[in-house]
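Descriptive analysis of the structure
The lines below spell out each chain.
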Amino acid sequence: MPRCEQLTPAVHTVDAVISRMRALDAALPARDGVAVFNRVYLAVTEAVDRCVDTGGFTDPRAAITLDVRFAERYLSAVDAAAGEGRPPACWRPLFQLRRHPGVRPLQFALAGINAHIGHDLALAVVDTCRTLGCEPACLEDEFDRVGDLLVSLEERVREELMPGPDVLQIADPLTHLLGAWSLERARDAAWTAARALWALRRLPDVAEEFTERLDAAVGLAGRMLLTPLPN
């Protein structure tokens, strides 16, 4: 494993991120699509915080920096949607359909996870490497551990937000939507994208085009995950 030279601390703390997410949870209606995802992500961030406290990471400082840089991407999208800005394409379907009565809570949760893992995670790895002055390989252990927490949480989310036994019926459209997306595959793709973006850091035009294409592709997947379904 390459040695990671640590230079600059994270701008914010995990506690500040958790406080912000808790404030959003208190402010948003429970059925709001962003609120549904926010509750899921809050649980992930709290789990990462506990893992840091109990020594679950090889490099706690790298894990904290990655966690905060990752969260900043989501919170920036929330701020953009609430103000005059324009959130990334990957987040727009969730913000546009957040109150649609035909979209089920599980779809909101998975669409948010899709945007955050499929797009934000790769950029957060690059952000973290720049903050700490290291290569992506330095973060692989922390990336994998956070990914394991996300996968375990996704399983819990599916169990808690499943609408009932009807979802087991092969004819239910939600069954097909759930089968078309995998967090593990999205996580693997995010790691590959992060390595590619790091390799392209001295070719800013190419890196920007790569990021835009990634954003658009993840946004398209999110729009399909949010297809309104009959009750």
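Because the structure is predicted, anything quoted here is derived from the model rather than measured. (Residues numbered from 1 in each chain as written. Predicted model: local features only at pLDDT ≥ 70, side-chain atom pairs only at ≥ 80, totals over all residues. Heavy atoms only, no water.)

As for the side chain of Asn 38
Quick note on the threshold: Counting from the N terminus, the helices are DSSP H or I runs at least four residues long and the strands are E runs at least two residues long. The contact rule is simple, with two residues in contact once any of their heavy atoms fall within 4.5 Å.
Assignment of secondary structure puts Asn 38 in helix α2 (residues 33-53). Once you skip the residues sitting within four places of it in the chain, Asn 38 turns out to touch Met 21, Leu 24, Asp 25 and Tyr 74.

A word on empty space enclosed by the protein
Here is the rule: The way it works is a 1 Å grid over only the protein atoms, where trapped points that fit a 1.4 Å probe form a cavity and open points with protein on both sides within 12 Å along at least five of seven lines form a pocket, and then any residue with an atom within 4 Å of a point lines it. Grid points are joined across faces, edges and corners, and a volume is the space filled by probe spheres set on the points. Charged means Asp, Glu, Lys or Arg here, nonpolar means Ala, Val, Leu, Ile, Met, Phe, Trp, Tyr, Cys or Pro, and polar covers whatever is left, Gly included.
Counting across every chain of the model gives one cavity of 30 Å³ or more. Counted as a void, the largest cavity has a volume near 70 Å³. What lines the largest cavity is simply Phe 37, Val 40, Tyr 41, Val 44, Phe 70, Ile 113, His 116, Ile 117, Leu 150, Leu 153 and Glu 154. For the lining of the largest cavity, the secondary-structure elements that each account for two or more residues are α2, α5 (105-132) and α6 (140-161). Of all the elements, α2 adds the most residues to the lining of the largest cavity, at four residues. Class assignment of the residues belonging to the lining of the largest cavity gives a composition of nine nonpolar, one polar and one charged.

Here's the deal with the packing of aromatic side chains
Where we set the bar: Only rings of Phe, Tyr and Trp enter the pairing, Trp through its six-membered ring, and a pair is recorded when the two centres are within 6.5 Å. The plane angle decides the type: under 30 degrees is stacked, over 60 is edge-to-face, the rest tilted. Three labels apply to residues, based on accessible area from a 1.4 Å probe with only protein chains included: buried if under 20% of the type maximum, exposed if over 50%, partly exposed otherwise in between.
Counted under the stated rule, the structure contains eight aromatic pairs. Between the aromatic rings of Phe 37 and Tyr 74, the centroid separation amounts to 5.2 Å while the plane-to-plane angle is 80 degrees, which identifies the pairing as edge-to-face. Placement of the pair is Phe 37 in helix α2 and Tyr 74 in helix α3 (residues 60-82), with a sequence separation of 37 residues. For the pair Phe 37 and Tyr 74, one class covers both residues: buried. Seen from their ring centres, Tyr 74 and Trp 91 are 5.5 Å apart, and the 40 degrees between their planes marks the pair as tilted. Taken as a pair, Tyr 74 in helix α3 and Trp 91 in the loop between α3 and α4 (92-97) lie far apart in primary sequence, 17 residues in all. Taken together through their ring pairs, the aromatic side chains of Phe 37, Tyr 41, Phe 70, Tyr 74, Trp 91 and Phe 95 make up a single cluster.

Quick look at the packing of α2 against α3
So the rule is basically this: Note on method: axes are straight lines fitted to C-alpha atoms, helices fitted across the in-contact stretch only, with angles between N-to-C directions ranging 0 to 180 degrees. These descriptions rest on fixed angle ranges, namely under 35 degrees for roughly parallel, over 145 for roughly antiparallel, 65 to 115 for roughly perpendicular, and the rest for oblique.
Interaxial distance between α2 and α3 falls to 10 Å at its minimum, and their mutual angle equals 170 degrees. Put simply, α2 runs roughly antiparallel to α3. Between α2 and α3, the residues in contact are Val 34, Phe 37, Asn 38, Tyr 41, Thr 45, Val 48 and Val 52 and Pro 60, Ile 64, Asp 67, Phe 70, Ala 71 and Tyr 74, respectively. Across the contact of α2 with α3, the residue classes break down as 10 nonpolar, two polar and one charged.

A few points about helix α9 (residues 204-225)
Definition in use: To estimate the expected span of a helix, count its residues, drop one, and scale the result by 1.5 Å. Arc, as used here, means the arc of the directions from the helix axis to the C-beta atoms.
Between its first and last C-alpha, α9 extends 31 Å over 22 residues, near the 32 Å set by a 1.5 Å rise per residue. Residues of α9 that are buried: Ala 207, Leu 214, Asp 215, Val 218, Gly 219, Gly 222 and Leu 225. Burial along α9 is one-sided: seen end-on, the buried residues are contained in an arc of 135 degrees. More than 90 degrees from the buried face of α9, the exposed residues found are Asp 205, Arg 213 and Leu 220.

Details of the nonpolar core
Where we set the bar: Nine residue types can take part in a nonpolar core, namely buried Ala, Val, Leu, Ile, Met, Phe, Trp, Tyr and Cys, and a core is a set of them joined through side-chain atoms within 4.5 Å.
Among the nonpolar cores identified, the biggest contains 76 residues, and Tyr 41, Tyr 74, Trp 91, Ile 113 and Val 125 are the most heavily contacted of them. Listed by contribution, the elements that provide at least two residues to this core are α1 (14-27), α2, α3, α4, α5, α6, α8 (183-199) and α9. The element contributing the most residues to this core is α5, with 16 residues. Excluding residues that lie within four positions of it along the chain, Tyr 74 makes contacts with Met 21, Leu 24, Val 34, Phe 37, Asn 38, Tyr 41, Trp 91, His 116 and Asp 120.

Section: the pattern of salt bridges
Let me state the cut-off plainly: Each reported salt bridge corresponds to a side-chain nitrogen of Lys or Arg within 4 Å of a carboxyl oxygen of Asp or Glu.
Under the counting rule described, the total for this entry stands at eight salt bridges. Connected through shared salt-bridge partners, Asp 32, Arg 98 and Arg 99 make up one network.

Digging into the layout of surface pockets
Approximately 170 Å³ is the volume found for the largest pocket. With four residues, the top contributor of residues to the lining of the largest pocket is α5.

A closer look at the environment of Ala 30
With respect to the helices and strands, Ala 30 occurs in the loop between α1 and α2. Considering only alpha carbons, one finds Ala 30 and Pro 105, 75 residues apart in sequence, at a separation of 9.9 Å.

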